[in-house]
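Coordinate analysis (summary)
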Amino acid sequence: LGSQMTKGTGIRSGEETAKAPLVICDPSYVAGMNKTRIAGKVIRCICIMDHPISNTSNASSVQIIIPQKQLDRKSDIYVTLISDTHAVCSKGLYIAMVAATVETDKPELEIRPAIELLGEILEMFVSVSDIHDPTDDGTKDKIFVTKSYDA
């Protein structure tokens, strides 16, 4: 809120308004205001499976970090698996999520080692998103913008 959002004074959601001396927000809240710059890209992949990841003792939840040096990359690749025990899918199904900072012009090839760990996939959804960094520290206008979520 404020005069053309030149100074943060609060937020509005529908008809509700909350006033505050400052605003702390994710980059999506200031899209088009020149408050962020693109700092890179991240690829995220959600996979629906009917089995746990092999060699994990049939665990209902797993987090795997594939080290950058193992794949000759600048950053790690992250794999997370959750299941019906987390009330996120039907009994007998598993949801795997793969995420990585994009380093080439072929992001889906970059996550292939992680996808191969998963085994058979019933359905896969892939997205590539921009990572934004704030353009200033927010002290002038009291709008403090965080960095985007990375991988």
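Within each chain, residues carry numbers counting from 1 in the order of the written sequence. Predicted model: local features are reported for residues with pLDDT of at least 70 only, side-chain atom pairs are reported and counted for 80 or more only, and whole-chain, interface and lining totals are derived from all residues. Based on all heavy atoms of the structure, the side-chain values leave hydrogens and waters out of the count.

We now examine the nonpolar core. Remark: nonpolar core denotes a set of buried residues (Ala, Val, Leu, Ile, Met, Phe, Trp, Tyr, Cys) joined through side-chain atoms within 4.5 Å. Summary of the burial criterion: residues with accessible area below 20% of their type's maximum are buried, those above 50% are exposed, and those between are partly exposed, where the area comes from a 1.4 Å probe applied to protein chains only. With 19 residues, the main nonpolar core has Met49, Val98 and Leu118 as its most contacted residues. Strands here are runs of E lasting at least two residues and helices are runs of H or I lasting at least four, both read from the DSSP assignment and numbered beginning at the N terminus. Those elements that provide at least two residues to this core are β4 (36–49), β5 (62–66), β6 (77–83), β7 (94–101) and α3 (112–118). If near-sequence neighbours (up to four positions away) are discounted, Met49 is found in contact with Leu81, Gly92, Leu93, Tyr94, Ala96, Leu118, Glu120, Ile121 and Leu122. Within the second largest apolar cluster, 5 residues are counted, among which are Cys25, Val30, Ile143 and Val145. For this analysis, residues touch if any pair of their heavy atoms sits within 4.5 Å.

The next point concerns the pairing of strand β2 (residues 16–19). When DSSP finds at least two bridges between two strands, those strands are taken to pair. By the bridge criterion, 4 bridges tie strand β1 (residues 10–13) to β2 in an arrangement that is antiparallel. Residue Ile11 lies in a different strand from β2, and its bridge partner there is Ala18. Connecting the antiparallel pair β1 and β2 is a turn made up of 2 residues, with Gly14 showing a positive phi of about 65°.

So, about the sheet that holds strand β8 (residues 123–134). One open sheet holds the 5 strands; their spatial order is β5-β6-β7-β4-β8, and the pairing between them is antiparallel. Looking at strand neighbours, the two that pair on one side only are β5 and β8, the edges of this open sheet. On average, each strand axis in the sheet is inclined to that of its neighbour by 20°, with strand direction left out of account. Where β6 meets β7, 7 bridges bridge the pair, whose relative direction is antiparallel. Looking at the pairing, Leu81 lines up with Ala96 of β7. Interaxial angles span 0 to 180 degrees and are taken between N-to-C directions of axes, which are lines fitted to C-alpha atoms, for helices over the stretch in contact.

With that settled, consider the pattern of salt bridges. Each salt bridge in this description consists of a side-chain nitrogen of Lys or Arg and a carboxyl oxygen of Asp or Glu lying within 4 Å of one another. Enumeration according to the criterion identifies 6 salt bridges in this entry. One salt bridge in this structure joins Lys35 and Asp136, with 3.2 Å as the shortest N-O distance. Taken together, the positions of Lys35 in the loop between β3 (23–25) and β4 and Asp136 in the loop between β8 and β9 (143–145) put the pair 101 residues apart, joining distant regions of the chain. Accessibility expressed as a relative area gives 38% for Asp136, which makes it partly exposed. Of the charged contacts, one joins Lys41 and Asp130 as a salt bridge, the two residues approaching to 2.4 Å between their closest N and O atoms. Pair noted here: Lys41 is in strand β4 and Asp130 is in strand β8, with a separation of 89 residues, a long-range link. In this structure Lys41 comes out as partly exposed when scored by relative accessible area, which is 39%. One salt-bridge network, in which partners are shared between bridges, spans Lys35, Asp136 and Asp141.

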